[in-house]
Amino acid sequence: MSTTDKAKTVDLNADMGESFGPWNMGDDTALLDIVTSANMACGFHAGDPDVMAATMALARDNRVGIGAHPGFPDLQGFGRRKMQMSPASLGNMVRYQLGAARGMATALGTEVRHLKLHGALSNMACVDHDMARACYEAALEVDPDVIIMVLASTAMEEVVRELGCNWCGEIFADRAYNDDGTLVDRSLPGAVIHDAALAGPRILQMVQEGAIITESGKRIPTSIDTICLHGDTAEAVALAKSVRSSLEAGGVKLAQFSGRQG
């Protein structure tokens, strides 16, 4: 299927279940009325068993696709600090978190459809083929049919194409891009987009063109299957509403991704 054909339908995803005990992160309930897929924290970078159960149940009831969102074991840093781990440890870390998500989903009468790496783990795997491969091979050992969500046009996409597994390409609604397709570092000005009036039209343009539009204006033709709406900013719900309304006004259908292969 061509990028032009695929662009007529797109999925909206958000990271969820990132609260911990009495500490609350984001408005998952509001986002679940907007998105079509949800990435559940698995307890390493955020979340806990009670939060996972409650958030998964909400997603199930809203008919939102559920995914596992494994990250580094870094609660204090919210999984955004780089860690150096062996391929074996990376694999075990992903197996452990995906297994937890699958177990909880089964108990709730639902399923885990996809897997998306979180934070620093994702940022590192975007440029490190061996790291991405270690994570994805481990996930596929647990569930050969799981859909791997990758940051489009990065090392992640190259790896899933090599593996021949089910995958989908993701872009971010609230993040600026470098010319190599990676995300602008959060520490830099303009890296995170807070203006809802800007976010919606910007994403519609990317979907219509079938390309990532970088900070410099460069176009990177890419497979846009799903759009990430981060839930951990004050403007998250407003941004999500802007993106959804802009896409619908532009004639783009919103639905869960089915996954590509190879």
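The structure contained in this document is the topic of the report that follows.

Another point: the packing of aromatic side chains. Per the counting criterion, the structure on display carries 1 aromatic pair. When the centroid spacing of 5.5 Å and the interplanar angle of 50 degrees are considered together, the rings of phenylalanine 44 and tyrosine 96 count as tilted. Separated by 52 residues along the polypeptide, phenylalanine 44 in the loop between β2 (37–41) and α3 (49–61) and tyrosine 96 in helix α4 (residues 87–107) bring together distant segments of the chain. Here tyrosine 96 falls in the exposed class, since its relative accessible area comes to 59%. In this arrangement the basic side chain of arginine 113 is found over the ring face of phenylalanine 257, its NZ or CZ atom lying 5.1 Å from the centre. Seen from the ring of tryptophan 167, arginine 260 lies directly overhead, with NZ or CZ sitting 5.8 Å from the centre.

For the rest of this paragraph, the subject is the side chain of arginine 175. Locating arginine 175 in the fold gives a position in the loop between β6 (166–172) and α8 (196–209). No salt bridge is formed by the buried arginine 175; the nearest opposite charge belongs to aspartate 174, separated by 5.7 Å. Discounting chain neighbours no more than four positions away, the residues touching arginine 175 are Leu183, Val184, Asp185, Arg186, Ala191, Val192, Ile193, Arg202 and His230.

As a further point, take the pairing of strand β3 (residues 65–69). Summarising burial for β3: 5 of the 5 residues are buried, a large majority. Residue alternation in β3 divides its side chains into two sets, Gly65, Gly67 and His69 and Ile66 and Ala68, and both sets are buried. Where β2 lies against β3, 5 bridges are found, and the strand directions are parallel. The residue of β3 that forms the bridge with alanine 38 is isoleucine 66. You can see the chain leave β2, run along α3 and come back into β3, and the turn it takes is right-handed. Pairing of β3 with strand β4 (residues 114–116) involves 2 bridges; the strand directions are parallel. For glycine 67, the partnering residue across the bridge sits in β4 and is histidine 114. Taken together, β3, α4 and β4 form a β-α-β motif whose crossover is right-handed.

Here the focus is a nonpolar patch on the surface. Judged by side-chain polarity, Phe20, Trp23 and Leu75 come together as a nonpolar surface patch covering roughly 310 Å² of accessible area. Relative to the assigned elements, tryptophan 23 resides in the loop between β1 (9–16) and α2 (28–31).

Another point: helix α6 (residues 129–142). Over its 14 residues, α6 extends 20 Å from the first C-alpha to the last, a length consistent with the 20 Å expected when each residue adds 1.5 Å. Burial in α6 covers these residues: Met131, Ala132, Ala134, Cys135, Tyr136, Ala138, Ala139 and Leu140. In this structure, the buried residues of α6 make contact with α4, β4, α5 (119–125), β5 (147–151) and α7 (155–163).

Okay, the layout of surface pockets next. As a volume, the largest pocket reaches approximately 550 Å³. Lining the largest pocket are 27 residues, and of these Gly119, Ala120, Asn123, Arg175 and Leu183 sit closest to its centre. Counting residues per element, the lining of the largest pocket draws most heavily on α5, at 5 residues. Counted by class, the lining of the largest pocket contains 10 nonpolar, 8 polar and 9 charged residues.

Rules used in this analysis
Residues numbered from 1 in each chain as written. Predicted model: local features only at pLDDT ≥ 70, side-chain atom pairs only at ≥ 80, totals over all residues. Heavy atoms only, no water. Phe/Tyr/Trp six-rings, centres within 6.5 Å; stacked < 30°, edge-to-face > 60°. Helix = DSSP H or I, 4+ residues; strand = E, 2+ residues; numbered from the N terminus. Buried < 20%, exposed > 50% of the residue type's maximum accessible area, 1.4 Å probe, protein only. Lys NZ or Arg CZ within 6 Å of the ring centre and 35° of its normal. Lys, Arg positive; Asp, Glu negative; His and termini not counted. Salt bridge = Lys/Arg side-chain N within 4 Å of Asp/Glu carboxyl O. Contact = heavy atoms within 4.5 Å. Pairing = 2+ DSSP bridges. Right-handed = clockwise from strand over helix to strand, strands pointing away. Patch = residues over 30% accessible without salt bridge, like charges linked within 9 Å, V, L, I, M, F, W, Y side chains within 5 Å. Areas by Shrake-Rupley, 256 points an atom, 1.4 Å probe, with all protein chains shown as cover. Expected span 1.5 Å × (residues − 1). 1 Å grid on protein atoms, 1.4 Å probe; cavity = no way out; pocket = protein on both sides within 12 Å on 5 of 7 lines; lining within 4 Å. Points joined across faces, edges and corners; volume = space filled by probe spheres on them. Nonpolar A, V, L, I, M, F, W, Y, C, P; charged D, E, K, R; others polar.

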